[in-house]
Structures are given as structure tokens and as C-alpha cells.
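Next come the chains, spelled out residue by residue.
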Amino acid sequence: MIEINEVTKKFQDKKKSITALKHVSFTIGKGDTVGLLGENGAGKTTLLRTIATLLEPTDGSVKVGGYDTVKNPDQIKRKIGVLFGGETGLYDRLTAKENLEYFASLYGMSKHDTKVRIDELARMFGMRDYLGRKVGGFSKGMRQKVAIARTLIHDPEIILFDEPTTGLDITSSNVFRQLVHQLKRDGKTIIFSSHIMEEVTMLCDKVAMVHKGELVYHGQLEDLYAQENSRDLNFIFMSKLVRGDEYHAS
Ligand SMILES: Nc1ncnc2c1ncn2[C@@H]1O[C@H](COP(=O)(O)OP(=O)(O)OP(=O)(O)O)[C@@H](O)[C@H]1O
Ligand SMILES: [Mg+2]
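Numbers given to residues run from 1 along each chain, matching the order in which its sequence is written. Each chain is given a letter, starting from A, and each ligand a number, starting from 1, according to the order in which they appear as written. Local features in this predicted model are restricted to residues whose pLDDT is 70 or higher, and side-chain atom pairs enter the listing and the counts only when it is 80 or higher, whereas totals over whole chains, interfaces and linings include all residues. Side-chain measures here rest on the full set of heavy atoms in the structure, leaving out hydrogens and waters.

Engineer: How should I be thinking about the side chain of K240 in this particular structure?
Structural biologist: Runs of E in the DSSP output that reach at least two residues are strands. Runs of H or I that reach at least four are helices, and both are numbered from the N terminus. In this structure, K240 sits in helix α9 (residues 233-249). For every residue, the accessible area (1.4 Å probe, protein chains only) is compared with the maximum for its type, and the residue is labelled buried under 20%, exposed over 50%, or partly exposed between those bounds. On the basis of relative accessible area, K240 is assigned to the buried category, the value being 11%. It only takes one pair of heavy atoms within 4.5 Å for two residues to be counted as in contact. Residue contacts for K240: discarding those within four places in its chain leaves M209, V216, Y217, L224, Q227 and E228.

What follows is the structure, encoded as C-alpha cells:
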């Protein structure tokens, strides 16, 4: 369970203060698959980084499995796997396998468990042919697959993906989608941000929409469809944002 309680996050940029999140509160249950939606700069990455203990809220708190992200980050880090768009966190001079072994060692995994897990992930992502090659020479999609495998190496309960399919081709995006289905069957909690409504519609049970740092909707996708009298998430998203702006203007 993830409890986000009145989270406000401000950044100091030169002399200007930027409020990336404003009093955001919602709860994510075990086994939920949540799509995080919002325009560029809405606060999605900031929210994911806060849940991942990488940023401290300016105000409010986040609890993951009962642990506070500021007071007990280490307990939380073991339970979660994170992947942020653009930053794969991989070492170019190491092979894909060496990268995965390195991250496994950070989680204190045994040699045997590491080998079994790497075999499993390599099979799942069709990476066996290039496991022994240096990551520096990889294409964007190959790199992204290794990065996703790295995120899952310690079999985390909670998985945070920030725009995971950006840069992936259709085949790799489908591999990712199958992976999410598998993770759902395994009872994992998944939160991912995406600008691809089709992906969110296909994979998520719940959505959280942020607009200019504020949560404008959180709940079941089906409830949102019923409430908006439409099953077109793209349309619903746009109308929610327009209404949000009208609300701000008044
Ligand atoms: N380290 C930082 N320093 C200053 N401002 C920041 C920092 N990180 C984020 N921001 C600001 O916070 C706001 C929210 O940014 P965030 O990256 O969370 O948006 P996003 O929803 O992930 O957008 P995108 O879809 O473009 O990835 C933006 O105005 C951004 O410029
Ligand atoms: Mg982002």
C-alpha cells in the first residue's frame, strides 16, 4: 500500500520557486496497476521520484508499506523497482549481463539467484543474444530492455515506471505490455506514467491524473468512464484539463 498524504513539492530555481506538486493525496492498493497521466511538466516524474524516496516532499508525507519515505528510505528501496525515462542508470563499459549482476549485488542477491533471475529476464525480453555485449554499443530499445530488466532484478513488490515505452519499437512495446500483464498476475503493484492513452487503457485498472501539480482524478478507469459518459480516455483527459483551467481562472 502506498499512501500519499497532502504532498506538496517545491523546487527553488534561481530566485523563483516552482510548485511541482500541490496537496496531492491518494492511496494505491496492493496489486493495483495505476496509470499516471498529465501534460509535460504536470508533476508526474516528481511524484514518482517522491514515492521512490529520491525526493523529499516539501510538505506532507508518503508511506510505502507503512514506512515513511523520508524516515525509512532503505526499507522502501528493497521493495521497489524504479525506471525513469531517459535515465537507464546502466554502465556503458559493462556488458548487459555484468550490469544486471552489478545491480543484483547491490540488493545482496546470491550468485545462484542472480544467474537464475538473469536467465529468466533475458528469456522474457529476448535479450539472450546480446547479454554478453557492452551496453555502450546498444540501440535505444536494447538499452531500455536491459534497463527494465535491471528494475526487476530483485523481484520487487512495487514497480514504478516513468514513460517506459518511450523510444521502444512496436515489438518491444508489446513485450513491455506483456510484462505488465505478467506482473499483474504475480500480484505486483505497478505505477507508470505515460502519454499513450491506448497503453493506459489496455494495462491499467486505475488512473491518476495530474494537472499543473494538482490531482484532478484518481480512481477506477471504469468509474471514470461512467462518470464522464465516454470510454475515450483521450477525450476525457482533454476535457478534464480544460475544466481544470476554467477552475483555476475563476
Ligand atoms: N530539479 C528540478 N529543479 C527545478 N524544477 C524542477 C525540477 N524537477 C522538476 N521541476 C519542475 O517541476 C515541474 C514538474 O516537472 P515533472 O518533471 O514532474 O513533470 P512531468 O509531468 O514528469 O513532465 P513530462 O511529461 O514532461 O515528463 C516542472 O515545472 C519542472 O520544471
Ligand atoms: Mg516526466
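Engineer: Mind showing me how you'd approach the packing of helix α5 (residues 140-152) against helix α6 (residues 170-185) here?
Structural biologist: Lines are fitted to the C-alpha atoms to define the axes, a helix being fitted only along its stretch in contact, and any angle between axes, read from their N-to-C directions, falls within 0 to 180 degrees. Contact geometry for α5 and α6: axes closest at 11 Å, N-to-C directions at 15°. The orientation of α5 relative to α6 falls into the category roughly parallel. The element α5 and its partner α6 pack so that their crossing is right-handed. On α6, the residues that touch K145, I148 and L152 of α5 are S172, F176, L179 and L183. Each angle gets one of four labels, with under 35 degrees taken as roughly parallel, over 145 as roughly antiparallel, 65 to 115 as roughly perpendicular, and the rest as oblique. Put simply, a crossing is left-handed when the front helix is turned counterclockwise from the back one by less than a right angle, and right-handed when it is turned clockwise.

Engineer: Could you clarify how one ought to interpret the packing of aromatic side chains in this entry?
Structural biologist: Two measures describe an aromatic ring pair: the distance that separates the ring centres and the angle between the ring planes. Centre distance within 6.5 Å is the pairing criterion for rings of Phe, Tyr and Trp, where only the six-membered ring of Trp is used; planes under 30 degrees apart are then read as stacked, over 60 as edge-to-face, and the remainder as tilted. Under the counting rule described, the total for this entry stands at six aromatic pairs. Taking the centre distance of 6.4 Å and the plane angle of 20° together, the rings of Y91 and F103 count as stacked. A residue pair is termed long-range when its members are at least 10 positions apart, and Y91 in the loop between β6 (80-83) and α3 (96-106) and F103 in helix α3 qualify at twelve residues. Accessibility expressed as a relative area gives 42% for Y91, which makes it partly exposed. Judged by its relative accessible area of 10%, F103 is buried. Lysine NZ or arginine CZ positioned within 6 Å of the ring centre and within 35 degrees of the ring normal marks a charge as sitting over the ring. Lying over the aromatic face of F11, K9 brings its terminal NZ or CZ to 5.4 Å of the ring centre. When the ring centre of F103 is taken as origin, the NZ or CZ atom of R150, which lies over that ring, is 5.0 Å away.

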